[in-house]
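# Structural characterization, general
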Amino acid sequence: MKRNIVSAAVVAALIGSYAGVSTAASAPKVSDGVVKIGVLTDLSGTYSDLAGNGSVIAARMAVEDFQKQAKSPFKIEIVSADHQNKGDLASNKAREWFERDGVDMITDLVTTSTALAVMPVAKEKNRITMVSGAASTLITGKNCTDTNVHYTYDTYALAVGTGKAVVKQGGDTWFFLTADYAFGHSLEKDTGDVVIANGGKVLGSVRHPFPGTDFSSFLLKAQASGAKVIGLANAGTDTTNSIKQAAEFGITPKQTLAGLLMFITDVNTLGLKTAQGMYLTEGFYWDLNDETRAWSKRFFERHKKMPTMVHAGIYSSTMHYLQAVLAAGTDDTKVVMAKMKSTPVNDFFAKNARIRDDGRLVHDFYLLQVKKPEESKYPWDYYHVRQTIPANDAVVPIAKSECPLVKK
Amino acid sequence: MFELLGITPQGLYSQLLVGLINGSFYAILSLGLAVIFGMLNIINFSHGAQYMMGAFIAWLGLTQLPVWTGSADAAMSYWVALIVAPLVVGLFGILIERTMLCRLYKLDHLYGLLLTFGLALIIEGLFRDWYGISGQRYEIPESLQGAINVGFMFLPKYRAWVIVASLSVCFATWYVIERTKLGSYLRAATENPKLVQAFGVNVPLMITLTYGFGVALAAFAGVLGAPIFTVSPKMGADLIIVVFAVVVIGGMGSILGSIVTGLGLGLIEGLTKVFYPEASAVVIFVIMAIVLMVRPAGLFGRER
Amino acid sequence: MRLTRTHLGFAALIAIGAAAPLVGIYPTFLMKCWCFALFACAFNLLLGYAGLLSFGHAAFFGAAAYLAGHAIKVWGLTPELGILVGTAFATALGYVFGSLAIRRAGIYFAMVTLALAQMLYFLWLQLAFTGGEDGLQGVPRSKLFGIVDLGDNMNLYYVVFAIFVFGFLLIYRSINSPFGQVLKAIRENEPRAISLGYDVDKYKLLAFVLSAALSGLAGATKTVVFQLASLTDAHWHMSGEVVLMTLLGGMGTVFGPVVGAVIVVSLEDQLADKVGSWVQVIMGLIFVICVLAFRRGVVGELIALARRISR
C-alpha cells in the first residue's frame, strides 16, 4: 500500500506535466515537442526472432538515419514493450502509451490478435498504427480503420504469391496441412481459391491442433493423397516441425512443400538440407540487390542476424512516417495520414509504392525457392528469387474489399 | 468395409503404426512422472522442463561443445548423450530434492506440486532467455537415418528405434521396481518409511535416488525426442499436459499402468486422427475426465 | 460491533480504491488489479477456506469473459446485462464441473478440474464466436443501465471497483457465516464433519459454485474493461496465475488474495517493458520462495507478525 502511494505520486507528476502541455492554447508544432514512436512486439516468444528485438533495432536505425538526413526540428523518442503475443496485454499497453505517455505512433504489432486489439484503441485515441508484423487480411478488410497502415505483408499476398506461382510452375494438385484456428483457415481458403482460379485442384486438407507437435499422421494423409504440392497453412514451430517430419518420412523431395508463411529465420533454424526446394513468398529479401544488401549489412552489424521482411518493413514505414511529419509540419494524425497516403514510398524496401484507402501499402512481393546446400555460397545465402510478383497482383482487389473506407 | 469408412487399409495401418510410435513415446515420457508419483506421492510439475533440459544437453553437447573447447572431436554424439544427459539432469534433480523438496514432505502434497511448478517456470524462463524460442535443430544420427519400406508406408528408422528404446527402458524400469530386491526396498520405503528405516534401510537416500531416477527418465525421453521435435524451451510445456493425462488415466500409483496407457492413448489418438482429426487434441482429456469420474484411481492404480 | 483489524483493513481498502485514480494512478491498471483481486478472492474461497485446490479455474474466468463479450458485442446488451449473462454461465458451468469433480479429493480433484478446463479450452479454440487465436475483439463500452457512459475511464473505474467490493463483501459474508464455519470444519477434519451429520458434498459443491460464479464475474468485468476476451483467459497458465496470487498474498486470509493480485499484476506490468522473458523466471522464483519459506503469504506473515508484537 505504501508502494502504491509512492508510485502514485510519481505518476501524478508525470500526468501533471503532460496535462499542462497539452492544454496550452497555442500548441507547439508537435505534441509535447516530441514525436514518440512505440514498438510493440514479441520480445521473448514464438515470433521474437522474426520480429522482436530486430524490430526495435530497425526502428532505431530509421530514427537515426532520419535525424542525420533531415536535421529534424523535433525530438524523436522510441519506446518498446513486449506484448507476449497476447491481445489484452497489447491493448492495455497501447492504451497506457496513448493516454499516459504521449506516444504518437505504434508499430510492429506482430501476431494478428494484437494488431486487431490495438487498432480500435488507436482509432479511439486518434493515433496512428503502422502494422508490419501481423498477417490477417481483416486488418485492411472488415476491421480497417482510417488511422492504420498495413505496411509489410498479409495472407492474401502470401496466398497469391506462393499459390499462383507454384501452380504456374507445374504444381497443380494441392493438399493442405492447416493449423486449426482462424489464421490457418483463412490462409488455406485464400490459397485454395488462388490455386483453383489458376487451373489447379485442391485434393483435400487436414487440420491439425494448434499448436501441434507431431505431424506424422497428418503428413501421411497428405502423402496418401498423391498431391504434387503440400501447402503448409501454419506458422512458426508448427511449420518447422512439419517440414522436418516430412523429410523424415520420405515425403519430400517427391512431393513439394509450400510454406505459406515462412521467414528467413525459419529457414535458418531448419537448415538448407531440410528446407531445400521449398517455395515461399516474402516481401523482402536481403540479398535482392545492392541497395538491400547495403542496408541489411548495416542491420546485421547491430542484430547479428539478417533482417526479415518485418524488420525491413519497420525501418521503411518509420522513415516514411517521419518524413510525412516533417513535410506536414505537425504530428496531427489526420494530416500525417493524408500525407503518408499521398506520398509514394521509394526506398530499398519498395519502389513507387502507395498506401491505399484501406491502409494497405501496395508493393512488390517475391516468390522464393530455398537453395540446395551446395548452392549456398555464403552465410544467409538461402534463396533463389524465382519471380517478382507485381504489386497490384499481391493485394486484395478493391472490388472485393470489405473495408467500409474503400470507394468501389 | 474399409471403403465404407472412407479409408484404405494402407491408410489405417500407417496411422496405427504412427499411433504406436507416439504411444511408446508417451509411455517413456510419462514413466518418470509415474515413478515419482507412484513412489513418492509428489506431482513433479517440472517434468516437462527436465525433459527439455535433456534435449538441450544433447543439442549443446553436439553443437556447442566443439565451439567451447575449440575442437571438433569434443562433440558429444547422440549415443553418448543418451547416457550423459540423463545423468546430468538426474544429478540436478537430486540437488533439487536435497535442497528443496525434502523440506515439504511433512506438508500437504499440494506444496510439492506448487514448488515443482515454480521450478518449471524458472527453468523454462532461463532457457528462453538464453536460447530464444525459435528452437534449434538436432540431426538424426547417421546410423538411424533413412526409412524402411514396410509395405504400407515408409517407416523412418529413427522412429522404429524410438519404439524399441522406449519400450525396453519402460519394461526394464518396471522389472527393477516390481521384481527386484532394490525395487522392493524402494516400494517398502515409500509405503512405510518409519518401519523400513527401523530395519536399517537408508530411506532418505532411497527417496533421493528415486526422484533423481524419475528426472533422469524425463531427460532420456528428451534426448529421444530431440531429433523429432525442434529443441526449444517450450517443448516441455507443450507436452506436460498430455503426460499428466497419461499418468492419471493409467493410475497414479502404477508403473505398468502408465506404460500401457501411454501406448493405448497413442493408438487411440492415431485412430481419431484418421476419422476426426480436429478432436485428436481433446480426446485424451475426454478420456481423462471419464476415467477420473468412473474409476478415479485410474485404470490400474490403487487410490491412496 | 468491535472495531476489528478486518474492519480497519476494509476501510483502508475502500479509501484506497476510491482515491487511487484521483491521485493520478493509471485507472486501467487499477481496474485490472480489481478484476484479478476478485478472481483471487473467489479462488481463495475454495482453496483457503474449503481446502480444495482447483487447477481449472481459468475455465470460469474465460467462459464468462467470452459470454459477456458476445452478449455485449453481438446481442447488443448493455454492460450490466452482459456481465450478468457471463456470470450466470460461469455459475452453471461451476455447478456442472463441481458436481463431477467433488466426488474426488486432493490431487485427484485438482486433476479432474484441470481435465475439464482443458476440454473447455479446446472447445473455445474450435468455436467460431470466440475468434480463436484472434480473440473476441472490439467489445463496445456502452452505457451502463442505458445511462452511465462507460467510455469515460473514471466512470468505468468506479463501476469496476463497486463490482469488486460487492464480490468481496459476498465472500466475506460467506466466510463469516454458519456456512463458512462448516466449510472450515470440513477442511480441518472431514470425517468428523460427516460424523456430525453434515452433507459434506453439498457444502463443497456450494463453495465451488460460489467460487466459480465470482470468478465469472471477474472475467466478465475484465472483458468490459479491456474490450476483448481471448484464449489467454481460459488457458491453464491463468489457472496457475490465480494460484500464485492467492499463495503469495496469503491463503485463507481475507485480504491476502487482494494483495497477491495487486503485486502480481504490478510486477507483470512493470517488468514486461524491461525484462521480457525474465518475467517468467521471477514469477517462478516467487512461487518457489513462497512455498519454501513464505507459505503464509504476505498478509499471513503480517498477521503473524502483528500477533507476535502484541504479546
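As a reminder, the structure under discussion sits directly above these lines.
Now for a description of the structure that goes with this document. (Residues numbered from 1 in each chain as written. Chains lettered and ligands numbered in written order. Predicted model: local features only at pLDDT ≥ 70, side-chain atom pairs only at ≥ 80, totals over all residues.)

For chain B, the count of helices and strands is 12 helices and 2 strands. Ordered by position from the N terminus, the helices and strands of chain B form the series α-α-α-α-α-β-β-α-α-α-α-α-α-α. The C-alpha atoms of chain B give 20 Å as radius of gyration, which agrees with the globular expectation for 304 residues (19 Å, within 12%). When its C-alpha atoms are laid out on the principal axes, chain B stretches across 65 × 60 × 35 Å. Classification of the 304 residues of chain B by burial places 56% in the buried group. Sequence-distant contacts in chain B: of pairs separated by 6 or more residues, those separated by 24 or more amount to 77%. (Helix = DSSP H or I, 4+ residues; strand = E, 2+ residues; numbered from the N terminus. Rg over C-alpha atoms; globule rule 2.2 N^0.38 Å. Buried ≥ 20, exposed ≤ 12 C-beta atoms within 10 Å, placed from the backbone. Contact = placed C-beta atoms within 7 Å.)

Of the regular secondary structure elements, chain C holds 13 helices and 2 strands. Referenced to the eigenvectors of the C-alpha coordinate spread, the extents of chain C come out at roughly 50 × 45 × 45 Å. With 311 residues in all, chain C has 56% of them scored as buried. Considering only intrachain contacts with a sequence separation of at least 6, the fraction spanning at least 24 residues in chain C is 76%.

All names here are of chain C. At a minimum axis distance of 8 Å, the contact between helix H3 (residues 58-73) and helix H4 (residues 79-101) shows a crossing angle of 145 degrees. Of the two possible hands of crossing, H3 and H4 adopt the one that is right-handed. Between H3 and H4, the contacting residues are Ala 59, Phe 60, Ala 63, Ala 64, Ala 65, Leu 67, Ala 68, Ala 71 and Ile 72 on the first element and Pro 79, Leu 81, Gly 82, Ile 83, Val 85, Gly 86, Thr 87, Phe 89, Ala 90, Leu 93, Gly 94 and Phe 97 on the second. (Axes fitted to C-alpha atoms, helices over the stretch in contact; angles between N-to-C directions. Left-handed = near helix turned anticlockwise from the far one by under 90°.)

Each partner contributes to the interface: chain B provides 32 residues, whereas chain C provides 30 residues. Among the elements of the structure, helix H5 (109-131), helix H10 (235-250) and helix H12 (283-294) of chain B are those that each provide at least two residues to the side of chain B that touches chain C. For the side of chain B that touches chain C, the leading source of residues is H5 of chain B, giving 15 residues. Of the residues that constitute the side of chain B that touches chain C, the class distribution is 24 nonpolar, 3 polar and 5 charged. (Nonpolar A, V, L, I, M, F, W, Y, C, P; charged D, E, K, R; others polar.)

A few words on the sheet that holds strand E5 (residues 148-150) of chain A. In a beta sheet, neighbouring strands pair by backbone hydrogen bonds and run either parallel or antiparallel. Residue and element names in this part refer to chain A. Reading across from one edge, E2-E1-E3-E4-E5 is the order of the 5 strands in this open sheet, with parallel pairing throughout. Only two strands of the sheet have a single neighbouring strand rather than two, namely strand E2 (75-82) and E5. If you compare each strand with its neighbour and ignore which way they point, the axes differ by 20 degrees on average. In this sheet, E5 lies alongside strand E4 (residues 128-131) in parallel orientation, the contact comprising 3 bridges. (Pairing = 2+ DSSP bridges.)

Take helix H4 (residues 112-125) of chain A next. Residue and element names in this part refer to chain A. Counted at 1.5 Å a residue, the expected span for H4 with its 14 residues is 20 Å, and the 20 Å between its end C-alpha atoms agrees. In terms of burial, H4 is largely enclosed, as 11 of its 14 residues are buried. Immediately downstream of H4, the backbone of Asn 126 shows phi near 60 degrees, a positive value. (Expected span 1.5 Å × (residues − 1).)

Residues and elements named next belong to chain B. Where helix H3 (residues 47-69) meets helix H9 (residues 203-225), the axes come as close as 7 Å, and the angle between the chain directions of the two elements is 50 degrees. The angle between H3 and H9 places the two elements in the oblique class. Taken as a pair, H3 and H9 cross one another with a handedness that is right-handed. Together, His 47, Gln 50, Tyr 51, Met 52, Met 53, Gly 54, Ala 55 and Ala 58 of H3 and Val 215, Ala 218, Ala 219, Phe 220, Ala 221, Gly 222, Val 223 and Gly 225 of H9 make up the contact between the two elements. Classifying every residue of the contact of H3 with H9 by side-chain character gives 11 nonpolar, 5 polar and no charged. (Parallel < 35°, antiparallel > 145°, perpendicular 65-115°, else oblique.)

Backbone geometry follows two general trends: most residues other than glycine have a negative phi, and most peptide bonds adopt the trans configuration. Not every positive phi belongs to a glycine, and Leu 109 of chain A is a case in point at roughly 55 degrees. Mapping Leu 109 of chain A onto the fold places it in the loop between strand E3 (105-108) and H4. Judged by the 33 C-beta atoms lying within 10 Å of it, Leu 109 of chain A falls in the buried class. Positive phi outside glycine occurs at Gln 227 of chain C, with the angle close to 60 degrees. On the secondary structure map, Gln 227 of chain C appears in the loop between helix H9 (200-226) and helix H10 (236-249).

On to the nonpolar core. Grouped together as the largest cluster of nonpolar side chains are 347 residues, with contacts concentrated most on Val 118 of chain A, Ala 58 and Met 288 of chain B together with Ala 37, Leu 38, Ala 115 and Val 160 of chain C. The biggest single contributor to this core is helix H2 (residues 27-49) of chain C, with 18 residues. Here this core spans two domains, and each of domain 1 (29-153 + 290-358) and domain 2 (156-282 + 365-389) of chain A adds at least three residues to it. Among residues more than four places away in sequence, those in contact with Met 288 of chain B are Ala 245, Val 248 and Ile 249 of chain B together with Ala 115 of chain C. (Core = buried A, V, L, I, M, F, W, Y, C linked by C-beta atoms within 7 Å. Domains from an automatic or database assignment.)

Turning to helix H12 (residues 309-328) of chain A, a few remarks are in order. Residue and element names in this part refer to chain A. Counted at 1.5 Å a residue, the expected span for H12 with its 20 residues is 28 Å, and the 28 Å between its end C-alpha atoms agrees. Counting buried positions along H12 gives 17 out of 20 residues, so the element sits mostly inside the fold. Downstream of H12 by a residue or two, Gly 329 has a phi angle that is positive, lying close to 80 degrees.

Residues and elements named next belong to chain A. Extensive coverage of strand E1 (residues 34-41) is indicated by the burial of 7 of its 8 residues. Two elements, E1 and E3, share 4 bridges in a ladder whose sense is parallel. Bridged to Gly 38 within E3 is Ile 106.

Turning next to the environment of Tyr 26 of chain C. Summarising the element assignment, Tyr 26 of chain C is placed in the loop between helix H1 (5-19) and H2. C-alpha separation for the pair Tyr 26 of chain C and Asn 153 of chain C, spaced 127 residues apart in sequence, amounts to 9.7 Å.

This part is about the environment of Val 160 of chain C. Residues and elements named next belong to chain C. With respect to the element layout, Val 160 can be found in helix H6 (residues 153-175). Of the residues examined, Val 160 has 26 C-beta atoms within 10 Å and is grouped as buried. Sequence-wise, Val 160 and Ile 263 are 103 residues apart; in three dimensions their C-alpha atoms are separated by 19 Å. Setting aside anything within four residues of it in sequence, one finds Val 160 in contact with Met 31, Trp 34, Cys 35, Thr 221 and Val 225.

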